[in-house]
Number of protein chains: 2
Amino acid sequence: MKLQIALDDVTLEQALALLEQVKDDVDIVEVGTPFMMEYGMEPVRRIKERFPCLEVLCDTKIMDAGAYEARLAFEAGADYVTVLGVTDDRTIQEVAAEAARNSGKVMADMICVPDLPERIARLEELGVDVIAVHTGVDQQAAGRTPLDDLREMRAHVKHTAIAVAGGIRLETLDQYLLYRPEILIVGGGIAHAKDPARAAKELAERIHEAG
Amino acid sequence: MKLQIALDDVTLEQALALLEQVKDDVDIVEVGTPFMMEYGMEPVRRIKERFPCLEVLCDTKIMDAGAYEARLAFEAGADYVTVLGVTDDRTIQEVAAEAARNSGKVMADMICVPDLPERIARLEELGVDVIAVHTGVDQQAAGRTPLDDLREMRAHVKHTAIAVAGGIRLETLDQYLLYRPEILIVGGGIAHAKDPARAAKELAERIHEAG
């Protein structure tokens, strides 16, 4: 299992300082969508340059222009891009092909996908590397948690890695570990912790103990 | 009718130089998704500063974190943000509320919406300002045009403005004008024309003649 830290509502300077504190405990650094919206590809370049041992995921949420947008992120140094599961198959195929050309990986974000089992089967055929359960912040505010989706994903995914995001912190970690996702994505649970370094260390220890 | 120029595959310098040529003929400048992905909010700020009389649309394609992402673009100076029609109602409500707080506008992008009439009715209730027909570049490559979608939109939209994008250029303009969209979005038809200034001028003349 890998620990992914999601950076959303931070400045570039805050992000670099935070990563300096947690770099030994996280595996993947996510340049979150709003972080990318504010700074473009600069965080991807700067993080990859300063922390070459960490993988970088750029949360591009590609919906259209698959090859072009994926290439842009891979060329900036991203190891992973994300594509929205709700988009058309052709866009997903283009993103997957572009990832293959750049030795990169594709994570499909299942936010707002109406029929999970059907879409999971198709995404596995299309060759994405990771399928991500994602309960959006708006849905979280309305009281939803990703655990039901995660359970359903685990029941239907045959060979693709699973990632899960949304509300994961030390106190809630065990519920997620039960379903053995390959990637656990933590945002506020590290970034907004009183002691981010300690939160990352404890999360990493418990994740690695669990396998 | 308004003419919107979409800037996607350009550098910031190319964009500013192009806008210098077409500024008298376009009404809205779109900072396209890949342009934003590369540069973040910098193009929104720079275009608004240099061309204060033009409206700026940031093609944020918001899927999640509605209020946060919309605010980010409005604070940078955008007049419009886009939200994906496929996202949940709560996200769209948040984007619309944030737009209202910033005297901004919301365009809903109908890319990959499966049931247009049903979603159009709901988006009108949720209070978006513009509903955009959008045939993605991947779908265009597969031979689809937005005209069928535009016809369906015109038949179902009651009071909201309609925008249309995808393959509009001088030679194809008349087919789009038939359905009287409030906003015509042109990308390559201007940016990749031999003479962009002339293409914008001719498009603007024909659009304004048509009303």
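Under an unreviewed UniProt entry, the name given to chain A is 3-hexulose-6-phosphate synthase, and the organism recorded is Candidatus Merdiplasma excrementigallinarum. On record in UniProt, under Sequence similarities (unreviewed entry), the comment for chain A is "Belongs to the HPS/KGPDC family. HPS subfamily." Taken from UniProt, the Pathway (unreviewed entry) comment for chain A reads in full: "One-carbon metabolism; formaldehyde assimilation via RuMP pathway; D-fructose 6-phosphate from D-ribulose 5-phosphate and formaldehyde: step 1/2."

S.K.: Could you give an account of the pattern of salt bridges, with specific residues and numbers?
M.R.: Applying the stated rule across the entire model yields 34 salt bridges over all chains. Lys23 of chain A is the partner of Glu20 of chain A in a salt bridge, and the nearest nitrogen-oxygen pair spans 2.9 Å. Classification of Glu20 of chain A as partly exposed rests on a relative accessible area of 35%. Judged by relative accessible area, Lys23 of chain A falls into the partly exposed class, the value being 32%. Lys105 of chain B serves as the salt-bridge partner of Glu55 of chain B, at 3.8 Å between the closest nitrogen and oxygen. Residue Glu55 of chain B is located in strand S3 (residues 55-62), and its partner Lys105 of chain B is located in strand S5 (residues 105-109); the two are separated by 50 residues in the primary sequence. Each of Asp89, Arg119, Arg122 and Glu125 of chain A takes part in salt bridges that share partners, so that together they form one network.

S.K.: How would you summarise the relation of the copies chain B and chain A if you had to cite specific residues and measurements?
M.R.: Structural alignment of chain B on chain A gives an RMSD of 0.0 Å, achieved by rotating through 180° and translating 0.0 Å along the axis. Such values leave the two copies arranged in the relation of a two-fold axis. No C-alpha of chain B lies nearer the rotation axis than that of Gly40 of chain B, which sits 1.9 Å from it. With an isologous cut-off of 70% or more, the 100% of interface residues of chain B that recur at the interface of chain A puts this contact in the isologous class.

S.K.: How would you sum up the confidence of the model for chain A? Please name residues and give values.
M.R.: Model confidence for chain A is summarised by a mean pLDDT of 94, while 98% of its residues fall at 70 or above. Among the prediction metrics, the complex's ipTM stands at 0.94, with pTM recorded as 0.95.

S.K.: Describe the interface of chain B and chain A, listing the residues and the values that go with them.
M.R.: Every contact between the two is made by 36 residues of chain B and, on the other side, 36 residues of chain A. Of the roughly 2,900 Å² buried between chain B and chain A on both sides combined, carbon and sulfur atoms contribute 60%. Linking chain B to chain A there are eight residue pairs in polar contact (both at pLDDT 80 or more). Sort the elements by how many residues they give to the side of chain B that touches chain A and helix H2 (residues 33-39) of chain B lands first, with six residues. Here the side of chain B that touches chain A is composed, by residue class, of 16 nonpolar, nine polar and eleven charged.

What counts and what doesn't
Residues numbered from 1 in each chain as written. Chains lettered and ligands numbered in written order. Predicted model: local features only at pLDDT ≥ 70, side-chain atom pairs only at ≥ 80, totals over all residues. Heavy atoms only, no water. UniProt positions renumbered as here; feature names shortened; annotations may be inferred. Salt bridge = Lys/Arg side-chain N within 4 Å of Asp/Glu carboxyl O. Buried < 20%, exposed > 50% of the residue type's maximum accessible area, 1.4 Å probe, protein only. Helix = DSSP H or I, 4+ residues; strand = E, 2+ residues; numbered from the N terminus. Least-squares fit on C-alpha atoms with pLDDT ≥ 70 in both. Contact = heavy atoms within 4.5 Å. pLDDT = per-residue confidence, 0-100. Buried area = accessible area lost by both parts, 1.4 Å probe. Polar contact = N/O pair within 3.5 Å; in protein donor to acceptor, adjacent residues only side chain to side chain. Nonpolar A, V, L, I, M, F, W, Y, C, P; charged D, E, K, R; others polar.

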